[in-house]
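# Chain and residue survey
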Amino acid sequence: MLRYGPGDHNRLHQDVYGDLTFPLQVLIMLSTPDVDFTGGESVFVEQRPRQQSRPVVARPGLGEAVVFPVRYRPHRGARGVHRVQMRHGVSAVHTGRRHVLGIIFHDAR
Ligand SMILES: [Fe+2]
């Protein structure tokens with residue numbers, strides 16, 4: 001369970017711990033955006049080789065889930081399918097409290 005208050009944010013990162021990591025993870029929004037909090041967008045950044053990073057912003061509503069890659073996602077390029085690095089984070093919360101359930105499937109020690 002993750003709780004963010006005013007000014008809280010999460011830098012771009014990957015949740016990779018231990019030797020085994022399931023490739024997908026989940027977040028479930030437990031607060032109502034624009035009512036319980038403002039700001040606090042879920043940010044995903046794709047890093048493709050020899051290209052500028054590409055950000056994607058998600059604003060799940062109360063009870064909505066986002067399934068996203070822990071580390072890589074497949075991308076079909078000119079020379080076939082390859083994997084691109086993904087990192088995620090949270091933009092700063094401006095007001096209120098943002099509660100999120102984060103589920104990671106890995107072999108942590
Ligand atoms: Fe994370």
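All figures in this text were calculated on a predicted structure; none of them were measured in a lab.

What follows covers the side chain of serine 31. Counting through the fold element by element, serine 31 comes out in the loop between strand E3 (24-29) and strand E4 (37-39). Serine 31 gets classed as buried once you look at its relative accessible area, which sits at 2%. A polar atom in the side chain of serine 31 sits 2.9 Å from the backbone nitrogen of histidine 99. What serine 31 contacts, discounting residues up to four positions off in sequence, is Asp36, Phe37, Gly61, Leu62, Arg97, Arg98 and His99.

What follows deals with the sheet that holds strand E11 (residues 98-103). Here four strands make up an open sheet; going across it, the order is E1-E11-E3-E7 and the pairing antiparallel. Edge strands, defined here as strands with exactly one partner in the open sheet, are strand E1 (2-4) and strand E7 (65-69). When strand polarity is set aside, the average angle formed by the axes of neighbouring strands in this sheet is 25°. Bridge count between E3 and E7: five bridges; the pairing is antiparallel. Across the sheet, leucine 27 pairs through a bridge with valine 66, a residue of E7.

In this section: the coordination of the iron ion. His13 (NE2), Asp15 (OD) and His88 (NE2) make up the full set of protein donors to the iron ion, lying at 2.1 to 2.2 Å. Of note, the iron ion draws all its donor residues from one chain, in the sequence arrangement H-x1-D-x72-H. Placement of aspartate 15 in the loop between strand E2 (10-13) and E3 and of histidine 88 in strand E9 (residues 80-90) is noted, with a sequence separation of 73 residues between them. The burial state of aspartate 15 is the same as that of histidine 88; both residues are buried.

Tallying each qualifying case throughout the model produces two aromatic pairs. Look at phenylalanine 22 and phenylalanine 105: their rings are 5.6 Å apart centre to centre, the planes differ by 80°, and that puts the pair in the edge-to-face class. One end of the pair, phenylalanine 22, is in the loop between E2 and E3; the other, phenylalanine 105, is in the segment after E11, and 83 residues separate them in sequence. Above the plane of the ring of tyrosine 4 lies arginine 98, whose end atom (NZ or CZ) is 5.0 Å from the centre.

About the criteria used
Residues numbered from 1 in each chain as written. Predicted model: local features only at pLDDT ≥ 70, side-chain atom pairs only at ≥ 80, totals over all residues. Heavy atoms only, no water. Helix = DSSP H or I, 4+ residues; strand = E, 2+ residues; numbered from the N terminus. Buried < 20%, exposed > 50% of the residue type's maximum accessible area, 1.4 Å probe, protein only. Polar contact = N/O pair within 3.5 Å; in protein donor to acceptor, adjacent residues only side chain to side chain. Contact = heavy atoms within 4.5 Å. Pairing = 2+ DSSP bridges. Axes fitted to C-alpha atoms, helices over the stretch in contact; angles between N-to-C directions. Donors = N, O, S within 2.8 Å, 3.2 Å for Na, K, Ca; no water. Phe/Tyr/Trp six-rings, centres within 6.5 Å; stacked < 30°, edge-to-face > 60°. Lys NZ or Arg CZ within 6 Å of the ring centre and 35° of its normal.

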